[in-house]
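Report on the structure
One letter stands for each residue in the lines below.
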Amino acid sequence: MAKNYIYLYGKNSVGERIKADPASVRTVYLREGLAVPSIEKDIARRGIPCERLPAPVLDKMRPQKDLQGVVAKVDHFGHVDCDDLISDALERNRTLIFLDRVNDPHNLGVIIRVAACFGGFSLIIPSREACQINETVLHVASGGENYVPIASVNNLVPAMDQAKALGFWMVGAVVNDEGEDIASVSLPFPLGLVLGSEGSGIRKGLQKRLDIEARIPMRGAPLSFNVSIACGIFCHEIAKRKGNSEG
């Protein structure tokens, strides 16, 4: 029988979950002798069970390099219904991020953290041929998952079509020379950002639904940014334009 919980590890991941969604935290495990006043205070205030464990026992429970002496048993990550996510994004002027086959959990975790830090973004990921929200993703996200609505769908195409029918424009991140410079291209809102896989980019079926193809100008070595770095650059530009349009 599959377990109905996962482990969060690290001070930021556990601390943010306790603040944002304490009901999902079942037990917090702290290394013996470790002082983490902010987490200990929140645990006590919210009545969350806590156990002190010797370092070898904690390491055996979750054999990771960067536990930081803090582990929590929590409910599985809860996705948002895609219809609700898109409607909420339209109502609250959130930008949709569609991830096409991102397979590296570190990249997905960074993308979630980036979206949380800039604010005003929602995420839609495919449930197949892509990384799902697992313990590694949540650790790298460092609590960002608590601030970014995330939906999982069988197919991104209907989700994109639904968003476009509601007035969302779609901009895709590309590496070809035909793409317009993201720093100068006009970005209409409400907006959806489409990011492709680490190796093969955006699939043709999704490319057909793009209104704008945009690229990051690179004048240095003949390399390319990975998808999480590209996401950070695009999100910065989108957040800046959105802020200017609201001001």
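Bear in mind the structure is a predicted one, so any value in this text is a computation, not a measurement.

1. Looking at helix α2 (residues 37-46)
Of the positions making up α2, those classed as buried are Ile39, Asp42 and Ile43. When α2 is viewed along its axis, its buried side chains cluster within an angular range of 100° and face the same direction. Exposed residues pointing more than 90 degrees away from the buried face of α2 are listed as Pro37, Lys41, Ala44 and Arg45. On its buried face, α2 sits against α1 (11-20), β2 (25-31), β3 (50-53) and β4 (70-75). Note on α2: the residue one or two positions beyond its end, Gly47, has a positive phi of about 70°.

2. Focus on the pairing of strand β11 (residues 212-215)
The alternating pattern of β11 places Ile212 and Ala214 on a buried face and Glu213 and Arg215 on a face that is not buried. One ladder, built from three bridges, connects strand β8 (residues 169-173) with β11; its direction is parallel. By the bridge assignment for β11, Ala173 is matched with Ala214. Relative to β11, strand β9 (residues 180-181) runs parallel, the two sharing two bridges. Residue pairing for β11: Glu180 is matched across the bridge by Ala214.

3. A word on the side chain of Thr95
Mapped onto the elements, Thr95 comes out in strand β5 (residues 95-99). For Thr95, a relative accessible area of 0% translates into the label buried. Looking at Thr95, its side chain comes within polar contact range of the side chain of Lys242, at 3.0 Å. Once you skip the residues sitting within four places of it in the chain, Thr95 turns out to touch Gly120, Phe121, Ser122, Phe189, Leu191, Leu193, Ile238 and Lys242.

4. Looking at the pattern of salt bridges
If you walk through the whole model with that rule in mind, you get eleven salt bridges. Of the charged contacts in the structure, one is a salt bridge between Asp75 and Arg26, with a shortest N-O distance of 2.8 Å. Taken together, the residues span a long stretch of sequence, with Asp75 in strand β4 and Arg26 in strand β2 at a distance of 49 residues. On the accessibility criterion, Asp75 (28% relative accessible area) is partly exposed. Residue Arg26 is classed as partly exposed on the basis of its relative accessible area of 30%. The partner of Glu237 in a salt bridge is Arg241, with the nearest N and O atoms 2.9 Å apart. Within this pair, Glu237 and its partner Arg241 are both found in helix α9 (residues 227-246), separated by four residues, close to a single helical turn. Here Glu237 matches Arg241 in class, with each residue buried.

5. Notes on the layout of surface pockets
To find leftover empty space, one rolls a probe the size of a water molecule over the atoms. By volume, the largest pocket amounts to about 440 Å³. Top contributing element to the lining of the largest pocket by residue count: α9, with three residues. Broken down by class, the residue content of the lining of the largest pocket amounts to eleven nonpolar, nine polar and two charged. Here the second largest pocket defines a volume of roughly 200 Å³. Along the wall of the second largest pocket there are 14 residues; nearest its centre are Asp21, Phe77, Gly78, Glu145 and Asn146.

6. A look at the packing of aromatic side chains
Under the criterion given, the structure shown has one aromatic pair. Geometrically, the ring pair formed by Tyr5 and Tyr7 is edge-to-face, given 5.6 Å between the ring centres and 80° between the ring planes. We classify Tyr7 as buried; its relative accessible area is 11%. The side chain of Lys73 reaches across the aromatic face of Tyr5, ending 4.5 Å from its centre. Over the ring of Phe121 we find Lys242, and its NZ or CZ is 5.4 Å from the ring centre.

7. Considerations on empty space enclosed by the protein
Per the counting criterion, the structure on display carries one cavity of 30 Å³ or more. Taken as a whole, the largest cavity holds about 30 Å³ of empty space. Lining the largest cavity are Leu99, Val102, Leu108, Ile125, Pro126, Ala130 and Cys131. Here the lining of the largest cavity is composed, by residue class, of seven nonpolar, no polar and no charged.

Rules used throughout
Residues numbered from 1 in each chain as written. Predicted model: local features only at pLDDT ≥ 70, side-chain atom pairs only at ≥ 80, totals over all residues. Heavy atoms only, no water. Buried < 20%, exposed > 50% of the residue type's maximum accessible area, 1.4 Å probe, protein only. Helix = DSSP H or I, 4+ residues; strand = E, 2+ residues; numbered from the N terminus. Arc of directions from axis to C-beta. Contact = heavy atoms within 4.5 Å. Pairing = 2+ DSSP bridges. Polar contact = N/O pair within 3.5 Å; in protein donor to acceptor, adjacent residues only side chain to side chain. Salt bridge = Lys/Arg side-chain N within 4 Å of Asp/Glu carboxyl O. 1 Å grid on protein atoms, 1.4 Å probe; cavity = no way out; pocket = protein on both sides within 12 Å on 5 of 7 lines; lining within 4 Å. Points joined across faces, edges and corners; volume = space filled by probe spheres on them. Nonpolar A, V, L, I, M, F, W, Y, C, P; charged D, E, K, R; others polar. Phe/Tyr/Trp six-rings, centres within 6.5 Å; stacked < 30°, edge-to-face > 60°. Lys NZ or Arg CZ within 6 Å of the ring centre and 35° of its normal.

Such coordinate-based values are descriptive only and should not be taken to indicate function.
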